[in-house]
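Structural description and commentary
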Amino acid sequence: HHQNNFFTIYKNLNQVFVSPRDLVFKDQVIGNVGSSDNQGSHLHFEIWKDSEVIDPRSLVADYKEKDVSIR
């Protein structure tokens, strides 16, 4: 949970250091990325504003410079 009704969802973590609906801050470590048998280490990441999905590339500066999504 972030300010202004933003929510982020992180899936495929093997360790989680926060609880659902916790307020998190920039640069806060929230967990460690896990791996799956066939895909190796990876993170599934979503951004929501209220009930609408937001493309992370429109908000995260690193994504604007380098698209890290898998097509």
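Let us look at the structure shown here. (Residues numbered from 1 in each chain as written. Predicted model: local features only at pLDDT ≥ 70, side-chain atom pairs only at ≥ 80, totals over all residues. Heavy atoms only, no water.)

**A few points about the overall build of the protein**
Of regular secondary structure, the protein possesses one helix and seven strands. Shown N-terminal to C-terminal, the secondary structure of the protein runs as helices and strands in the order β-β-β-β-β-β-β-α. The principal-axis extent of the C-alpha atoms belonging to the protein is close to 35 × 30 × 25 Å. By the burial criterion, 14% of the 71 residues in the protein qualify as buried. (Helix = DSSP H or I, 4+ residues; strand = E, 2+ residues; numbered from the N terminus. Buried < 20%, exposed > 50% of the residue type's maximum accessible area, 1.4 Å probe, protein only.)

**Topic: the layout of surface pockets**
Considered as a void within the structure, the largest pocket measures approximately 640 Å³ in volume. Lining the largest pocket are 21 residues, with His2, Tyr10, Asp27, Gln28 and Phe45 positioned closest to its centre. Breaking the lining of the largest pocket down by element, the ones donating at least two residues are strand 1 (6-11), strand 3 (31-33) and strand 6 (44-49). Of the residues in the lining of the largest pocket, the class split is 14 nonpolar, five polar and two charged. (1 Å grid on protein atoms, 1.4 Å probe; cavity = no way out; pocket = protein on both sides within 12 Å on 5 of 7 lines; lining within 4 Å. Points joined across faces, edges and corners; volume = space filled by probe spheres on them. Nonpolar A, V, L, I, M, F, W, Y, C, P; charged D, E, K, R; others polar.)

**Looking at the sheet that holds strand 6**
In spatial order, the strands read 1-6-7; together these three strands make up an open sheet with antiparallel pairing. Each having just a single partner strand, strand 1 and strand 7 (52-54) make up the two edges of the open sheet. Across the sheet, the mean angle from the axis of one strand to that of its neighbour is 35°, orientation sign disregarded. As paired elements, strand 6 and strand 7 share three bridges and run antiparallel to each other. Directly across from Ile47, in strand 7, lies its bridge partner Ile54. (Pairing = 2+ DSSP bridges. Axes fitted to C-alpha atoms, helices over the stretch in contact; angles between N-to-C directions.)

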